[in-house]
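# Reading the structure
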Amino acid sequence: MIPIAKPNLGNEEIEAVSEVLASGIIAEGKRVAEFESAFAEFIGTEHAIAVNSGTAALHAALMAHGIGKGDEVITTSFSFIATGNSIMYTGARPVFVDIEPETFNIDTSLIEKSITKDTKALMPVHLYGHPAEMKQINEIAEDHDLTIIEDACQAHGATYQGKKVGSFGTGAFSFYPTKNMTTGEGGIITTNDSEVARKARMIRAHGSQERYLHEMVGYNFRMTDISAAIGLVQLKKIDGFNLKRQKNAHILSEGLKSTRGITIPTIRKGCEHMFHQYTIRVESRDGLIKKLTENGIGTGIYYPIPIHMQPTYIEAGYNYDLPVCEKAAKEVISLPVHPGILENDLKHIIKTVIEGVK
């Protein structure tokens, strides 16, 4: 089976974890601090605050910016549910707008009409590793005095006009095992705002800067030194991982670009796509998935049910008409693109997809 995703872990990660275990300091310690410094340098921000998941990164970032009850945050419904849930955790309300059909990212032309007196932030998602249109998002944020929280959980290293995502506003990344780099489980917040960084560090440690002195309600969002040790090794490999993903994506696109019934991924001018997922659109999805599965090729649907159509959101009174988002949910299918795929695997995938849509 060619899996849809596969973490790239080797002897270096095993040795790094062994060193931490041997040290006896396995909770948050110097490895976490080293990882934060290295990741901040990678993204190009002054600060990085490591936490235990991408969801925690989003949640803590929102809290650090003072987002709370009665506030609204404009975002996309075509994402993993953590995007919406992290806003709900703070007591704020996610406001969903539709997406671009080409990149699956938030349609910036629809944002301003959704802004109200209660809007406090914009949360673009750099879906699948393709950057959202940050020029327009920055302009809207400046015009309306809004905070930008970037959901960059799938976009490690992706760039927009030469600048890495996660550095335009306050960024949130995930290190889940299927991501472009992993710490096992984990996440990180990136920011140039020293006060936001200070608050985020408090939030991850029960609202405390000094042990047993709690200045605010916080959580246990801390990353362990075990996770950080893995992350430090993975960070040294991320550029190579991303380059292999891009090469694999290019081969897939070249092989599929002339196939009728398929829409291959778009890469906008000025954007560098990191291909967390290689996602095509196809009208007859079920038949293609069956064909791929029968031929030993893993697939994924990201995402079959938009956030606003999830039962918990419907029960909460959410009622949106997002036709582009809803159509995409019925047509998208992701193919293996991870660095572990061999050239013969790519040929097999291309051949099977072409046969599957005839």
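Within each chain, residues carry numbers counting from 1 in the order of the written sequence. Whole-chain, interface and lining totals are the exception, using all residues; otherwise, since this is a predicted model, local features are given only for residues with pLDDT of at least 70 and side-chain atom pairs are given and counted only at 80 or more. Each side-chain value is derived from all of the structure's non-hydrogen atoms; neither hydrogens nor water enter the calculation.

Assigned secondary structure in the protein chain consists of eleven helices and 15 strands. With the radius of gyration taken over C-alpha atoms, the globule rule is written as 2.2 Å times the number of residues to the power 0.38. For the protein chain, whose C-alpha radius of gyration is 20 Å, the value lies close to the compact-globule estimate of 21 Å for 358 residues. Once the C-alpha set of the protein chain is aligned to its principal axes, its extents read approximately 65 × 55 × 40 Å. The proportion of buried residues among the 358 residues of the protein chain is 56%. Residues count as neighbours in contact if any of their non-hydrogen atoms are within 4.5 Å of one another. In the protein chain, 71% of the contacts between residues at least 6 apart in sequence involve partners at least 24 apart. To measure how exposed things are, a 1.4 Å probe is used in the Shrake-Rupley method; for residues, cover is taken only from the protein chains shown. Approximately 15,500 Å² of the protein chain is accessible, and the part contributed by carbon and sulfur atoms is 52%. Lys and Arg are tallied as positive, Asp and Glu as negative. Neither His nor the chain termini are counted. Charge placement uses NZ in Lys and CZ in Arg. For Asp and Glu, CG and CD serve respectively. Of the side-chain charges in the protein chain, 36 are positive and 43 negative, and the distance between the mean point of each set is 5 Å. Helix and strand definitions here come from DSSP, where helices need a minimum of 4 consecutive H or I residues and strands a minimum of 2 consecutive E residues; each element is numbered from the N-terminal end. Whether a residue is buried, partly exposed or exposed follows from its accessible area with a 1.4 Å probe, protein chains only, as a fraction of its type maximum: under 20%, in between, or over 50%, in that order.

At least two bridges found by DSSP between two strands is the condition for calling them paired. The seven strands are arranged E1-E9-E8-E5-E4-E2-E3 in an open sheet whose pairing can be described as mixed. Since the sheet does not close on itself, it has two edges, and those belong to strand E1 (47-51) and strand E3 (93-97), each with one partner. Strand-to-strand twist of the sheet, defined as the mean angle between neighbouring strand axes without regard to direction, takes the value 25°. With two bridges connecting them, strand E4 (residues 119-123) and strand E5 (residues 147-151) associate as parallel partners. Note on E5: the bridge partner recorded for Ala121 is Thr147. With axes taken as lines fitted to C-alpha atoms, and helix axes fitted only over the stretch in contact, angles between N-to-C directions fall between 0 and 180 degrees.

Here a salt bridge means any side-chain nitrogen of Lys or Arg lying within 4 Å of a carboxyl oxygen belonging to Asp or Glu. What the rule picks out here adds up to 20 salt bridges. Among the ionic pairs, Glu12 bridges to Lys237, the shortest N-O distance being 3.3 Å. One end of the pair, Glu12, is in helix H1 (residues 11-23); the other, Lys237, is in helix H7 (residues 225-256), with 225 residues separating them in the sequence. Using a relative accessible area of 43% as the deciding quantity, one classes Glu12 as partly exposed. According to the relative accessible area criterion, Lys237 is partly exposed, its value standing at 22%. The salt bridge partner of Glu19 is Arg31, with a shortest N-O separation of 3.5 Å. Here Arg31 lies in helix H2 (residues 30-43) and Glu19 lies in helix H1, a separation of twelve residues in the sequence. Taken together, the salt bridges that share partners define one network made up of Glu28, Glu36, Arg201 and Arg204.

The next point concerns the pairing of E4. Burial of E4 is extensive: four of the five residues sit out of reach of the surface. For strand E2 (residues 72-76) and E4, the ladder comprises four bridges, and the chain directions are parallel. Note that in E4 the partner of Ile74 across the bridge is Leu122. Looking down the strands as they point away from the viewer, one classifies a crossover as right-handed if the path from the first strand across the helix to the second runs clockwise. Once the chain exits E4 it traverses helix H5 (residues 134-144) before rejoining the sheet at E5, and the crossover so formed is right-handed.

All right, on to the sheet that holds strand E12 (residues 262-263) then. Spatially, three strands are ordered E12-E14-E15 in an open sheet, and the strand pairing comes out antiparallel. Of all strands in the sheet, those bounded by a partner on one side alone are E12 and strand E15 (332-335). Bridge analysis of E12 against strand E14 (residues 278-282) gives two bridges, and the strand direction is antiparallel. Bridge pairing links Ile262 to Val282 in E14.

The subject of this paragraph is helix H11 (residues 343-356). It helps to recall that an α-helix has 3.6 residues per turn; residues three or four apart then point in one direction. The end-to-end C-alpha distance of H11, which contains 14 residues, comes to 20 Å, matching closely the 20 Å that a straight helix rising 1.5 Å per residue would cover. Residues Leu346, Ile349, Ile350, Thr352 and Val353 constitute the buried set of H11. Lining the buried residues of H11 we find H7, E12, E14, helix H8 (285-294) and E15. Working rule for helices: expected span equals 1.5 Å times residues minus one.

Attention now goes to the side chain of Arg245. By the secondary structure assignment, Arg245 is in helix H7. Asp239 is the oppositely charged side chain nearest to the buried, salt-bridge-free Arg245, at an N-O distance of 11 Å. Polar contact is defined as a pair of N or O atoms within 3.5 Å, subject to the rule that within protein one atom must be able to donate a hydrogen and the other to accept it, and that residues adjacent in sequence are counted only when both atoms are side-chain atoms. Within polar-contact distance, the side chain of Arg245 engages the backbone oxygen of Phe275 at 3.1 Å. Of the polar contacts made by the side chain of Arg245, one reaches the backbone oxygen of His276; its length is 3.3 Å. Excluding its chain neighbours within four sequence positions, the residues that come into contact with Arg245 are Thr178, Lys179, Asn180, Met274, Phe275, His276, Val337, His338 and Pro339.

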